[in-house]
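Read off the chains here:
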Amino acid sequence: NSAIEFRQIMELPVARNEFSSFRQITFLELSNLINQTYPNIEICDGNTADAYMIKYEDDGELNGSIDKFEIYIGQFDEQEKIRALLHELAHVFFHRCQIPYNTPIGSGMGTLKQETEANYFSRAFLMPEQLFRKALSIFSRNDGTVDLDKLAERFNVSKNIVVSRGNDLKIW
């Protein structure tokens, strides 16, 4: 069930609840947690500047009821690797039935709705709403503007992703 899997991944055992102790999960931590929690998902190094996944029919190794997925993450910096992995993971959770077997599905190949959902998932994971709003109050200036550089640095994401998260939450 996608809703259950979404909650499980959002509740991964990393410091995510208190703003003062919040730290962004590393790519290695996230990969290891996914591999431990979801044995049907394998995270692989990609040799390109892209991220993509491949869905395989279960060969009986996983009791015949679960599709297997390989997610390839390209040669990105740490920040982009995390975002790309979460994005591809969202496709596995929410769009698995629409993914053809044995065909690499890469960035931007989904429908607009699928890509929007995958991007929203990654932003929600990287910047949980409660923590985002807390950080927003801390990095707001007296003139009503926000220090986007500090906000992006706090969550270890780009300013564009911060702006998109603010749009998701209808803050600006």
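For the structure itself, consult the block above.
Not measured: the values here are computed from a predicted model.

Participant: Please explain the overall build of the protein chain as it appears in this structure.
Facilitator: Of the regular secondary structure elements, the protein chain holds seven helices and four strands. When its helices and strands are written in sequence order, the protein chain yields α-α-β-β-β-α-β-α-α-α-α. Counting every position in the protein chain, which comprises 172 residues, the buried fraction comes to 44%. In the protein chain, of all internal contacts separated by at least 6 residues, the share reaching a separation of at least 24 is 64%.

Participant: Any chance you could explain helix H2 (residues 27-37) here in plain terms?
Facilitator: For the α-helix, the turn length of 3.6 residues means that residues three or four positions removed from each other point alike. Those residues of H2 not exposed but buried are Phe27, Leu30, Ser31, Leu33 and Ile34. Buried residues in H2, looked at end-on, bunch into an arc of 165°, giving them a common side. When the buried face of H2 is taken as reference, the exposed residues oriented beyond 90 degrees from it are Leu28 and Gln36.

Participant: Which parts of the structure should I look at to understand the pattern of salt bridges?
Facilitator: Counted by the stated rule, this structure contains eight salt bridges. The salt bridge involving Lys113 is made with Glu117; its shortest N-O contact spans 2.8 Å. Residue Lys113 and its partner Glu117 are located together in helix H4 (residues 112-126), separated by four residues, close to a single helical turn. Judged by its relative accessible area of 59%, Lys113 falls in the exposed class. Judged by its relative accessible area of 28%, Glu117 falls in the partly exposed class. A salt bridge links Arg133 to Glu129; its shortest N-O distance comes to 3.0 Å. With Arg133 and Glu129 both in helix H5 (residues 129-138) and four residues apart, this pair spans about one turn of that helix. The exposure class of Glu129 is partly exposed, given its relative accessible area of 39%. Salt bridges here are not isolated pairs; linked through shared partners, they connect Arg123, Arg165 and Asp168.

Participant: I'm lost on the packing of aromatic side chains in this one. Help?
Facilitator: In this description, an aromatic ring pair is defined by two values, namely the gap between the centres and the angle between the planes. With the rule as written, the count across this model stands at seven aromatic pairs. Ring centres of Tyr52 and Tyr72 lie 4.9 Å apart, and the angle between their planes is 10°; this geometry places the pair in the stacked category. Note that Tyr52 is positioned in strand S2 (residues 51-56) and Tyr72 in strand S3 (residues 68-73), a separation of 20 residues in sequence. Relative to Trp172, the ring of Phe132 lies with its centre 6.4 Å away and its plane at 70°, an arrangement referred to as edge-to-face. Of this pair, Phe132 sits in helix H5 while Trp172 sits in the segment after helix H7 (159-168); the two residues are 40 residues apart in sequence, bridging distant segments of the chain. Judged by relative accessible area, which is 40%, Trp172 ranks as partly exposed. In this structure an aromatic cluster arises from ring pairing among Tyr38, Phe93, Phe94 and Phe121. When the ring centre of Phe27 is taken as origin, the NZ or CZ atom of Lys81, which lies over that ring, is 5.1 Å away. Seen from the ring of Tyr120, Arg165 lies directly overhead, with NZ or CZ sitting 5.6 Å from the centre.

So, how was this worked out
Each residue is numbered by its place in its chain's sequence as written, counting from 1. Residue-level local features of this predicted model are given only where pLDDT is at least 70; pairs of side-chain atoms are given and counted only at 80 or more, and the full residue set underlies all totals for whole chains, interfaces and linings. As a rule here, side-chain values come from all non-hydrogen atoms in the structure, and water together with hydrogens is ignored. Helix and strand definitions here come from DSSP, where helices need a minimum of 4 consecutive H or I residues and strands a minimum of 2 consecutive E residues; each element is numbered from the N-terminal end. Burial here depends on accessible area, computed with a 1.4 Å probe over protein chains only, as a share of the maximum for the residue type. Under 20% is buried, over 50% is exposed, and the range in between is partly exposed. Working rule for contacts: check all heavy atoms of both residues, and any pair within 4.5 Å makes them a contact. Taken from the helix axis, the directions to the C-beta atoms give the arc we talk about. Think of a salt bridge as a Lys or Arg side-chain nitrogen and an Asp or Glu carboxyl oxygen that are within 4 Å of each other. Pairing of aromatic side chains here covers Phe, Tyr and the six-membered ring of Trp, requires ring centres within 6.5 Å, and sorts the geometry by plane angle: under 30 degrees stacked, over 60 edge-to-face, intermediate tilted. Think of it as a cone above the ring: NZ of Lys or CZ of Arg counts as a charge over the ring if it is within 6 Å of the ring centre and within 35 degrees of the ring normal.

The analysis is restricted to geometry; functional conclusions fall outside its scope.
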